[in-house]
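Overview (structure and organization)
What follows is the residue order along each chain.
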Amino acid sequence: MAGKPKLHYFNGRGRMESIRWLLAAAGVEFEEELFETREEFEKLIQGGTLMYEQVPMVEIDGMNLVETRAILRYLAAKYNLYGRNIQEQAWIDMYVEGLKDLSDMIMFFPLSLPGEKEMNLEYILERATTKFFPVYEKALRDHGQDFPVGNRLSWADIQLLEVILMAEECKPSVLTGFPLLQEFKARISYIPTIQKFLQPGSQRKPPLDESSIESVKNIFKFERGMFLKNMSTIVAEY
């Protein structure tokens, strides 16, 4: 019997969080090996298992998988969350790549300079409510199903719920004006595996606080000010 997937990362959300979400939604138990210091991270690098000397890394099926999107696509395909055909896969890819742009903004928001936080928050909320959420509201309306792609749960649904909850941490009323997304959030949150992941005590990680920001800075040599106001992508990988 194959062992549980093992996730190698720091003790926080970062780019591993979407991987945790996907495994949890699929009902897959996983282990985590979390490093807390730069020295522990460098030891992992020196072990030779990180292809590009960066994380996340997932040990699964005899492989050491790196690169976040490669990991997510592998898991989505393995656990039947990647559509029924190539057309559905293309729609899933388009939706999750758009969601990545928004989630990156929110993920890096805690690293804003103090004088830029208010401006950056306004930018995130403006992009969420005028560029991204209208796309998914329309997708649900046009598709006429419980899911934006196909007629069963997919990677796109899981990542959409994750990003909705991230945006609500920035502003609880962010879904005002998006009734179908509100219904979607309630519906997907009650899927048993997801409901379990949303409960206290799960392997879901909290948002970065000041203490964890300091840990991230020390481990990855980050500095504040990494939020890029006019970004289309975030080039830093962590």
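The following refers to the structure shown. This one's a predicted model, so the numbers in the text were calculated from it and none came from an experiment. (Residues numbered from 1 in each chain as written. Predicted model: local features only at pLDDT ≥ 70, side-chain atom pairs only at ≥ 80, totals over all residues. Heavy atoms only, no water.)

What follows covers the packing of helix α4 (residues 86-108) against helix α5 (residues 117-143). Relative to each other, α4 and α5 sit at 160°, their axes nearing to 11 Å. Judged on the interaxial angle alone, α5 and α4 are roughly antiparallel. The two elements α4 and α5 meet at a crossing, and its hand is left-handed. For the pair α4 and α5, contact is made by Tyr95, Gly98, Leu99, Asp101, Leu102, Met105 and Ile106 and by Tyr123, Ile124, Arg127, Ala128, Phe132, Phe133, Val135, Tyr136 and Ala139, respectively. (Axes fitted to C-alpha atoms, helices over the stretch in contact; angles between N-to-C directions. Helix = DSSP H or I, 4+ residues; strand = E, 2+ residues; numbered from the N terminus. Parallel < 35°, antiparallel > 145°, perpendicular 65-115°, else oblique. Left-handed = near helix turned anticlockwise from the far one by under 90°. Contact = heavy atoms within 4.5 Å.)

Along the chain, Phe184 falls in helix α7 (residues 179-189). Separated by 22 residues in sequence, Phe184 and Pro206 place their C-alpha atoms 22 Å apart. Ignoring any residue separated from it by four or fewer positions in sequence, one finds Phe184 in contact with Leu140, Asp146, Pro148, Asp157, Leu160, Leu161 and Ile164.

This structure, assessed with the given rule, holds 10 aromatic pairs. Summarising the aromatic geometry, the rings of Phe10 and Phe220 are spaced 5.7 Å apart at their centres and angled 75° between planes, so their arrangement reads as edge-to-face. Of this pair, Phe10 sits in strand β1 (residues 6-10) while Phe220 is found in helix α9 (residues 210-220), placing the two residues 210 residues apart along the sequence. Residue Phe10 shares its accessibility class with Phe220, and that shared class is buried. Joined through ring pairs, the aromatic side chains of Tyr9, Phe10, Phe35, Phe41 and Phe220 make up one cluster. Sitting over the ring of Phe109, Lys117 keeps its end group 5.8 Å from the ring centre. (Phe/Tyr/Trp six-rings, centres within 6.5 Å; stacked < 30°, edge-to-face > 60°. Buried < 20%, exposed > 50% of the residue type's maximum accessible area, 1.4 Å probe, protein only. Lys NZ or Arg CZ within 6 Å of the ring centre and 35° of its normal.)

No statement about biological role is implied by the geometric values presented.
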